[in-house]
Amino acid sequence: MAARIFSIANQKGGTGKTTLSMNLAAGLAQQGRALLIDADPQGSASLWSGLSSDSKPFPVSVISVGGHLKREVERFAKDYDFIVIDCPPTLETGVMQAAMDISEAALIPVLPSPVDLWASLRIVEVLEQARIRNRALKPYIVVNQLEPRSALSKAMQQALEEFDIPALENGLRRRAVYRNSAMEGLSVYCIGKRGQTAVEEIEGIIQEVL
Ligand SMILES: Nc1ncnc2c1ncn2[C@@H]1O[C@H](COP(=O)(O)OP(=O)(O)O)[C@@H](O)[C@H]1O
Ligand SMILES: [Mg+2]
């Protein structure tokens, strides 16, 4: 059977693409065979998994892919149930667009301020173009770095409503465990109790997307 493919994309850097990709892939790995494609030349996902120890490896294989994304992903699709693609933070190379062509969903992490959201505006156009080529593509905003214990600001709620991409109900709160687990080469699933609330967030996203 062919893998279900999810792209994590935003041309803006630092919005949480790699954090979401790694933890999403780790969560999906509990439901089937999962692969992470690192399509960002900066190689953050590969570096992250490389930080894990042999005794506690990252639970998902991370494969770095430069050009020919489609061909490479097709090669792996029959051997996996889920493939997550961590896209590069640029629209110029066409890699992000290629990822969208072969994905059932594109998750767009954004930071929780209207200013940051509008900085991601160009992706709306890219997604519209992608949906002409791939009618099955479902785009979703994922709000990241939500303030602990506080709700989304009114301004952000309004900005999200005006955006043409629906937002998932579940987002990621700003939590040290997301940063710390990365430094240990792990996902929030592998760090015991301190990862519990973060795991619940990722599980919520997985449920919505699947
Ligand atoms: N929900 C979060 N809580 C705390 N830190 C986060 C969260 N999401 C991302 N970060 C941190 O923010 C930085 C940028 O995230 P990253 O996933 O690398 O973004 P991108 O891949 O879009 O450039 C990293 O240092 C990461 O650890
Ligand atoms: Mg990244």
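About the criteria used
Residues numbered from 1 in each chain as written. Chains lettered and ligands numbered in written order. Predicted model: local features only at pLDDT ≥ 70, side-chain atom pairs only at ≥ 80, totals over all residues. Heavy atoms only, no water. Near = heavy atom within 4 Å. Polar contact = N/O pair within 3.5 Å; in protein donor to acceptor, adjacent residues only side chain to side chain. Areas by Shrake-Rupley, 256 points an atom, 1.4 Å probe, with all protein chains shown as cover. Helix = DSSP H or I, 4+ residues; strand = E, 2+ residues; numbered from the N terminus. UniProt positions renumbered as here; feature names shortened; annotations may be inferred. Axes fitted to C-alpha atoms, helices over the stretch in contact; angles between N-to-C directions. Parallel < 35°, antiparallel > 145°, perpendicular 65-115°, else oblique. Contact = heavy atoms within 4.5 Å. Nonpolar A, V, L, I, M, F, W, Y, C, P; charged D, E, K, R; others polar. Expected span 1.5 Å × (residues − 1). Buried < 20%, exposed > 50% of the residue type's maximum accessible area, 1.4 Å probe, protein only. Lys, Arg positive; Asp, Glu negative; His and termini not counted. Salt bridge = Lys/Arg side-chain N within 4 Å of Asp/Glu carboxyl O. Phe/Tyr/Trp six-rings, centres within 6.5 Å; stacked < 30°, edge-to-face > 60°. Lys NZ or Arg CZ within 6 Å of the ring centre and 35° of its normal.

Trainee: So what about the site of ligand 1? Which residues, and what values?
Mentor: Near ligand 1 you find 15 residues, and of these Gly14, Lys17, Thr19, Asn144 and Arg173 are the closest. In the model, an oxygen atom of ligand 1 is placed 2.6 Å from a nitrogen or oxygen of the Thr19 side chain. One of the side-chain N or O atoms of Arg179 is found 3.4 Å from a nitrogen atom in ligand 1. Contact with the protein chains removes 78% of the 560 Å² of surface that ligand 1 exposes when unbound. Going through the elements one at a time, helix H1 (17-28) and helix H8 (176-183) are the ones with two or more residues in the shell around ligand 1. Ranked by the residues each element gives to the shell around ligand 1, the list is headed by H1, at three residues.

Trainee: Can you tell me about the UniProt feature "domain: CobQ/CobB/MinD/ParA nucleotide binding" (unreviewed entry) in the protein, naming the residues and giving the values?
Mentor: Per the UniProt entry, the sites bearing "domain: CobQ/CobB/MinD/ParA nucleotide binding" (unreviewed entry) are residues 7-185 in this numbering. The distance separating the terminal C-alpha atoms of residues 7-185 is 21 Å; by composition the span is 39% helix and 16% strand.

Trainee: Go over the packing of H1 against helix H9 (residues 196-209), please, and point to the residues and values.
Mentor: Contact geometry of H1 with H9 gives a least axis separation of 10 Å together with a crossing angle of 75 degrees. Compared by their axis directions, H1 and H9 come out roughly perpendicular. The residues of H9 that touch H1, namely those facing Leu20, Asn23, Leu24, Gly27 and Leu28, are Ile202, Glu203, Ile205 and Ile206. Here the contact of H1 with H9 is built from residues that sort into six nonpolar, two polar and one charged.

Trainee: Before we move on, can you summarise H1 with the specific residues and values?
Mentor: Counted at 1.5 Å a residue, the expected span for H1 with its twelve residues is 16 Å, and the 16 Å between its end C-alpha atoms agrees. The buried count for H1 comes to eleven of twelve residues, which makes it a mostly enclosed element. Restricting attention to buried positions, one finds in H1 the residues Lys17, Thr18, Leu20, Ser21, Met22, Asn23, Leu24, Ala25, Ala26, Gly27 and Leu28.

Trainee: Which residues make up the side chain of Asp40, and what values do they have?
Mentor: Along the chain, Asp40 turns up in the loop between strand E2 (34-38) and helix H2 (44-50). One buried charged residue, Asp40, remains without a salt bridge, the closest side chain of opposite sign being Lys17 at 6.4 Å. Within the structure, Asp40 has its side chain in polar contact with the backbone nitrogen of Gln42 (distance 2.9 Å). For Asp40, the residues in contact, after removing those within four places along its chain, are Asp86, Cys87, Pro88 and Pro89.

Trainee: Outline the packing of aromatic side chains, supporting the account with residue identities and numerical values.
Mentor: On inspection of all chains with the given rule, the structure shows one aromatic pair. Plain terms: the ring middles of Trp118 and Phe163 are 5.4 Å apart, the flat faces sit at 55 degrees to each other, and that makes the pair tilted. Here Trp118, found in helix H5 (residues 114-119), pairs with Phe163, found in the loop between helix H7 (154-162) and H8; they are 45 residues apart in sequence, far enough to count as distant. Assessed through its relative accessible area of 36%, Trp118 is described here as partly exposed. When the ring centre of Phe76 is taken as origin, the NZ or CZ atom of Arg75, which lies over that ring, is 4.9 Å away.

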